[in-house]
Each structure stands twice: as C-alpha cells, then as structure tokens.
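Chains, contacts and geometry: an overview
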Amino acid sequence: MPQHADEELRRAALAAAHELATKEPERWKASWDELNDVMGTLFGVLNLMYAFAAPRYLARGNPDKRPTPEQLLGLFDKYIALLDGWKRTTANIHDHEFLRTEDATRRLRALLETWAWSLEAPAPIVQAARGWLAAYGEHEPAEGWDQWVGPEEDERPGPKE
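Here's a quick rundown of the structure. (Residues numbered from 1 in each chain as written. Predicted model: local features only at pLDDT ≥ 70, side-chain atom pairs only at ≥ 80, totals over all residues. Heavy atoms only, no water.)

Some remarks on the side chain of Arg 130
Position of Arg 130 among the secondary structure elements: in helix H6 (residues 123–136). The residues contacting Arg 130, other than those within four sequence positions of it, are Ala 53, Pro 55, Trp 145 and Asp 146. (Helix = DSSP H or I, 4+ residues; strand = E, 2+ residues; numbered from the N terminus. Contact = heavy atoms within 4.5 Å.)

Thoughts on the side chain of Thr 41
Along the polypeptide, Thr 41 turns up in helix H2 (residues 25–53). Excluding anything up to four places from it in sequence, Thr 41 contacts Leu 75, Lys 78, Tyr 79 and Leu 82.

Let's talk about helix H4 (residues 69–89)
Its 21 residues give H4 an end-to-end C-alpha distance of 31 Å, which sits within 8% of 30 Å, the value for a rise of 1.5 Å per residue. Along H4, the positions that sit buried rather than exposed are Leu 72, Leu 73, Leu 75, Phe 76, Tyr 79, Ile 80, Leu 82 and Leu 83. (Expected span 1.5 Å × (residues − 1). Buried < 20%, exposed > 50% of the residue type's maximum accessible area, 1.4 Å probe, protein only.)

Concerning the packing of H4 against helix H5 (residues 102–112)
Geometrically, a packed helix pair is captured by the angle between its two axes and the distance between the axes. Axis separation between H4 and H5 bottoms out at 10 Å; the angle between their running directions is 155 degrees. Considered as vectors, H4 and H5 are oriented roughly antiparallel to each other. In this structure, H4 meets H5 at a crossing whose hand is left-handed. Together, Leu 72, Leu 73, Phe 76, Asp 77, Tyr 79, Ile 80, Leu 83, Asp 84 and Lys 87 of H4 and Glu 102, Thr 105, Arg 106, Leu 108, Arg 109 and Leu 112 of H5 make up the contact between the two elements. Looking at the contact of H4 with H5, its residues break down into eight nonpolar, one polar and six charged. (Axes fitted to C-alpha atoms, helices over the stretch in contact; angles between N-to-C directions. Parallel < 35°, antiparallel > 145°, perpendicular 65-115°, else oblique. Left-handed = near helix turned anticlockwise from the far one by under 90°. Nonpolar A, V, L, I, M, F, W, Y, C, P; charged D, E, K, R; others polar.)

A word on the packing of H5 against H6
At a minimum axis separation of 9 Å, H5 and H6 run at an interaxial angle of 160 degrees. Judged by the angle between their axes, H5 and H6 are roughly antiparallel. Two packed elements cross with a definite hand, and for H5 against H6 that hand is left-handed. Contacts between H5 and H6 involve Ala 104, Thr 105, Arg 107, Leu 108, Leu 111 and Leu 112 on the former and, on the latter, Pro 124, Ile 125, Ala 128, Ala 129, Gly 131 and Trp 132.

Regarding the packing of aromatic side chains
Enumeration over the complete set of coordinates arrives at twelve aromatic pairs. Measuring from centroid to centroid gives 6.2 Å for Tyr 79 and Phe 98, while their planes differ by 75 degrees, and the two rings are edge-to-face. On the criterion of sequence distance, the pair formed by Tyr 79 in helix H4 and Phe 98 in the loop between H4 and H5 is long-range, its members being 19 residues apart. Each of the two residues, Tyr 79 as well as Phe 98, counts as buried. Ring plane angle 65 degrees and centroid distance 5.3 Å describe the contact between Trp 115 and Trp 117, whose orientation is recorded as edge-to-face. (Phe/Tyr/Trp six-rings, centres within 6.5 Å; stacked < 30°, edge-to-face > 60°.)

Take it as geometry only, folks, not as evidence of what the structure does.
Quick look at the structure:
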C-alpha cells in the first residue's frame, strides 16, 4: 500500500475515533477499557512466558510481588478466552501468532494449577514456556534460555505496580 494511502487510512481512523469519543463517550470508554484489558492480558502472559522460559530472569523477580495462584490462573483463563474468540474469526490459525500458542498455553495452565509460585519454575513449566515462545515465533536468545538474564532495560519479572 502506498505511503499516502496509509496516511489517509490513519487520518480516517483518527477522525472516526474522535467522532466516537465526542458523540458516544460511554461507548468510547468501554472500547478503550476493553482494549486496555486485552493488551494487559497479552503483555502479562508474554512477560510471564519470558520469565518462565529463562530461570535466571525469573530468579531476579521480586518474591514480595508475585501473583497469587488465583491471579495467575485468572490471567491464563482470560488469555484462553481471547484465543477462543479469535479462533471463531480467523481463517488460518497458523497465521495468527497468538493462536499458535494455544496447545502450549493449555498445557502450561494445567501445570500452573498445582505449582506454588516461586522464583524457581520446575522443568515442565520451563519447557512449556519455551514451547509457547517457539510457537509464538520467538527465537531463543543467543546465550540460550538457561543463561539469559532478561531484557537489557530489565525490570524484574512479575506483576507491575
């Protein structure tokens, strides 16, 4: 698509968003809240996958800010609900990076049901998270998952304040 067409689409989308926010503020807020919830779920699961896949990264987490088992399972349940919704509207599941993670997500969720969250994940959780990241299309860090200590601008893994 030519650059000017992209710019036209962007302007049209901004105009439509402004019109919705102006004429239907309640609907705008509900849409915005839904988008924030979806993005929070996706980023929450992705952040956990990196932490579970990399033992050194997980070990750097803050033991006082770990999620409760209910929060952890709730996040995975929300993610699975998103996957179920996307499956109904996606023609080719293999083209959708998150839908490719479904098997690993369900396997990992089952493992999490019996795990008492700590800063050391058992091998089956580590392997399931690595499988999830591979299905998503993420490559193993150059130093390998066992040596990787997290992103360069590192924040501790786990829930954010």
